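A structural walkthrough
These are the residues of each chain, in order.
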Amino acid sequence: MTVKTRRKPSRPPVTTDAAHAPCALVLQGGGALGAYQAGAYAAMAEADVQPQWVAGVSIGAINSALIAGNAPDKRVARLREFWELVSSQPAQQLPIWWGTRIWQNQFSAQAGMLSGIPGFFKPRLDPALLLGVNAQVLSYYDTAPLKDTLERLVDFDLLNDSRETLRFSIGAVDVCSGESRYFDNHDAKRPITSAHVMASGALPPGFAPVMVEGRHYWDGGVVSNTPLSEVLDKRDRNLAWVIYQVDLFNSRGPMPTSISGVIERQKDIMYASRTDLNTQMATQLQPLTEALTRLLDRLPPGLQKDPDALLLRHRLNEAPAQIRQLIYHDKPSDLDTKDYEFSRASMIEHWDAGHADMRRALKHPGQHADLPAGVSACEPGQHNA
C-alpha cells in the first residue's frame, strides 16, 4: 500500500495507532460484493480493533446492522451466517468441474434473478408484470425474506441501546423529495428498526421503496453510495478519528472490450460515486487552508481575538481524521453481474479478499497526509485475487 504524505507541523498530530484512536467503519453499497466488507470486519475483530461508529449504505447498511446489532463476540458469526444463507441455493453451489468459472458465475446470477436469493428477496408473482414497464407495481422482487432475516440475526434493542458505545448510521433517499437522509441510533426519539435497514437497501426497480416514519425511501446509493461525508461532517472534531472506508466499486479501471465490460465499467464509475470527490476536494483546499493559517498568524493582536478569527482558528486546529481506504479489485471471472452474483465460491473469495486487505491495512498503516477540514487519505489498498 503506497501513500502520499504532506506534513504541516502547525496542525495537531495524527494518532496512527488504531487501538487508541476512535475508529469508524464506512461501508459502501454493492450487493453480493458486500462479503468483502464482512471479511474486512472479521480481520478487524481478530486484531481486536472495534469501531466506535459503523456507517453504511445498501448492503453496507445490512453489514453495519449485523455488526451493531450483536455483541462483539457474536458479530463475525452473524456476518458469516448471513452470507452463507444468501449463497445457499443449489444454483449457487455448483461443483468446481461443472463448466468454467465465468459460466458458473453467469449461471448463478441468472438463477438468482429468476428464483431470488435465500433470506434476501424473491420474485414478485404479480400478473400485472405481464404489462412490462407499464405494470402498476413498484418492483420486480419482494424483500419480505430480508425482513425475517434481519429480525432473526440483528438485535435491534441492542443496536439502539448501544448508541453510547457504537454509533450506527445508514443512508437512504426520500423517493418524493429526492433528498438523502441518514438514520442514526443517536436519535433516541426514532429507534432503528428492520424497516430502516431495508430502506437503505431498496434499490429500484428491483426492490420497492420502504415506508419509514410516513415517507417512502429508496437505496441511499441512488444519491451517494458512500457514507463517508456523513461521518466526516458529524464526527467529534476534537478527536483524531481513524476511518476505515471499505469500497466495493473502483472508479479506476481498464477500457472495456465488450458490452458486458461496458456495463461493469459503468457500474464501477456510478457506484464509486463521490468517494474520490470528497478526498479531491479536501486536497484542493490544502493551499487555501495553509494561506489562511499564515494570514491569521499575521493579524494584529486586537484582531486575533475577533470572534470570526477565533472561529476560523478553531476549525483549522481541529483534530484531523485519517481515511484508510480499501477497495475491492475485480477478479478475471467477475462480470457485469458481480453485484448480484451470490454463488458460494464468489462469496468465499470476496470474504477472503477483504480479510487479507484489512489485515495488511492494520499491519502497515503507513503515514497519512494532513489535509484540510481534518481529512487525511492514503492510496487504495490493492488486492489481486
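Parameters at a glance
Residues numbered from 1 in each chain as written. Predicted model: local features only at pLDDT ≥ 70, side-chain atom pairs only at ≥ 80, totals over all residues. Heavy atoms only, no water. Pairing = 2+ DSSP bridges. Helix = DSSP H or I, 4+ residues; strand = E, 2+ residues; numbered from the N terminus. Core = buried A, V, L, I, M, F, W, Y, C linked by side-chain atoms within 4.5 Å. Buried < 20%, exposed > 50% of the residue type's maximum accessible area, 1.4 Å probe, protein only. Contact = heavy atoms within 4.5 Å. Patch = residues over 30% accessible without salt bridge, like charges linked within 9 Å, V, L, I, M, F, W, Y side chains within 5 Å. Areas by Shrake-Rupley, 256 points an atom, 1.4 Å probe, with all protein chains shown as cover. Salt bridge = Lys/Arg side-chain N within 4 Å of Asp/Glu carboxyl O. 1 Å grid on protein atoms, 1.4 Å probe; cavity = no way out; pocket = protein on both sides within 12 Å on 5 of 7 lines; lining within 4 Å. Points joined across faces, edges and corners; volume = space filled by probe spheres on them. Nonpolar A, V, L, I, M, F, W, Y, C, P; charged D, E, K, R; others polar. Axes fitted to C-alpha atoms, helices over the stretch in contact; angles between N-to-C directions. Parallel < 35°, antiparallel > 145°, perpendicular 65-115°, else oblique. Left-handed = near helix turned anticlockwise from the far one by under 90°. Polar contact = N/O pair within 3.5 Å; in protein donor to acceptor, adjacent residues only side chain to side chain. Phe/Tyr/Trp six-rings, centres within 6.5 Å; stacked < 30°, edge-to-face > 60°.

**Quick notes on the pairing of strand 8 (residues 215–219)**
In the sheet, strand 5 (residues 167–174) pairs with strand 8 via three bridges, with the strands oriented antiparallel. Bridge assignment links Ala172 to a residue of strand 8, and that residue is Asp219. Pairing of strand 7 (residues 210–212) with strand 8 involves three bridges; the strand directions are antiparallel. By the bridge assignment, Val212 is partnered in strand 8 with Arg215. Hairpin connection from strand 7 to strand 8: two residues lie between these consecutive antiparallel strands, with Glu213 at a positive phi of about 55°.

**Points about the nonpolar core**
Counting 66 residues, the largest nonpolar core has Leu25, Ile62, Phe82, Trp83, Phe120, Phe168 and Met358 as its most contacted members. When residues in this core are grouped by element, the largest group, eight residues, is from helix 1 (residues 35–46). Those residues within four positions of Phe120 in sequence are excluded, and the remaining contacts are Ile59, Ile62, Val86, Asp142, Thr143, Pro145, Leu146, Phe207 and Phe342.

**Observations concerning a nonpolar patch on the surface**
Together, Ile96, Trp97, Trp98, Trp103 and Phe107 give the surface a local cluster of nonpolar side chains, amounting to about 660 Å² of exposed area. Structurally, Phe107 is set in helix 4 (residues 101–115). We classify Phe107 as partly exposed; its relative accessible area is 35%.

**Side note on the layout of surface pockets**
The computed volume of the largest pocket comes to approximately 630 Å³. If you go around the largest pocket, you meet 29 residues; those closest to its centre are Leu203, Gly206, Phe207, Asp339 and Tyr340. Those elements giving two or more residues to the lining of the largest pocket turn out to be helix 2 (59–68), helix 4 and helix 9 (259–271). Examining the composition of the lining of the largest pocket, we find that three residues originate from one element, helix 4, more than from any other. Residue composition of the lining of the largest pocket, by class: 17 nonpolar, nine polar and three charged.

**A look at the packing of helix 3 (residues 75–85) against helix 5 (residues 144–153)**
The interhelical angle for the contact between helix 3 and helix 5, taken along N-to-C directions, is 160°, at an axis separation of 11 Å. Comparing their axes, helix 5 and helix 3 come out roughly antiparallel. Considering only the axes of helix 3 and helix 5, their crossing is right-handed. Residues Arg78, Glu81, Phe82 and Leu85 of helix 3 form the contact with helix 5, whose participating residues are Leu146, Thr149, Arg152 and Leu153. In terms of residue class, the contact of helix 3 with helix 5 is made up of four nonpolar, one polar and three charged.

**A closer look at the side chain of Gln28**
Turning to its location among the elements, Gln28 is positioned in the loop between strand 1 (23–27) and helix 1. Judged by relative accessible area, which is 0%, Gln28 ranks as buried. Side-chain polar atoms of Gln28 contact the backbone nitrogen of Phe249, separated by 3.0 Å. Among the polar contacts listed, one links the side chain of Gln28 to the backbone oxygen of Tyr271, at a separation of 3.5 Å.

**Examining the environment of Met358**
Here Met358 lies in helix 14 (residues 344–363). Overall, the relative accessible area of 0% leaves Met358 in the buried class. The spatial distance from the C-alpha of Met358 to the C-alpha of Tyr36 is 9.8 Å, given a sequence separation of 322 residues. The residues contacting Met358, other than those within four sequence positions of it, are Ala40, Ala43, Met44, Tyr244, Val246 and Leu326.

**Examining the packing of aromatic side chains**
Under the defined criterion, the tally for this structure stands at 15 aromatic pairs. On the numbers, 5.4 Å between centres and 40° between planes, the contact of Phe249 with Tyr271 is tilted. You can see Phe249 sitting in the loop between strand 9 (242–247) and helix 9 and its partner Tyr271 sitting in helix 9, a full 22 residues away along the chain. Taken together, the aromatic side chains of Phe82, Trp83, Phe120, Phe121, Tyr141, Phe207 and Phe342 make up a single cluster linked through ring pairs.

**Looking at the pairing of strand 10 (residues 321–327)**
Within strand 10, seven of the seven residues are buried, which leaves it mostly tucked inside the rest of the structure. Judged by which residues are buried, strand 10 turns out to be covered on both faces: Ala321, Ile323, Gln325 and Ile327 on one side and Gln322, Arg324 and Leu326 on the other are all buried. Taken together, the six bridges between strand 9 and strand 10 define a ladder with parallel strand orientation. The residue of strand 10 that forms the bridge with Val242 is Gln322.

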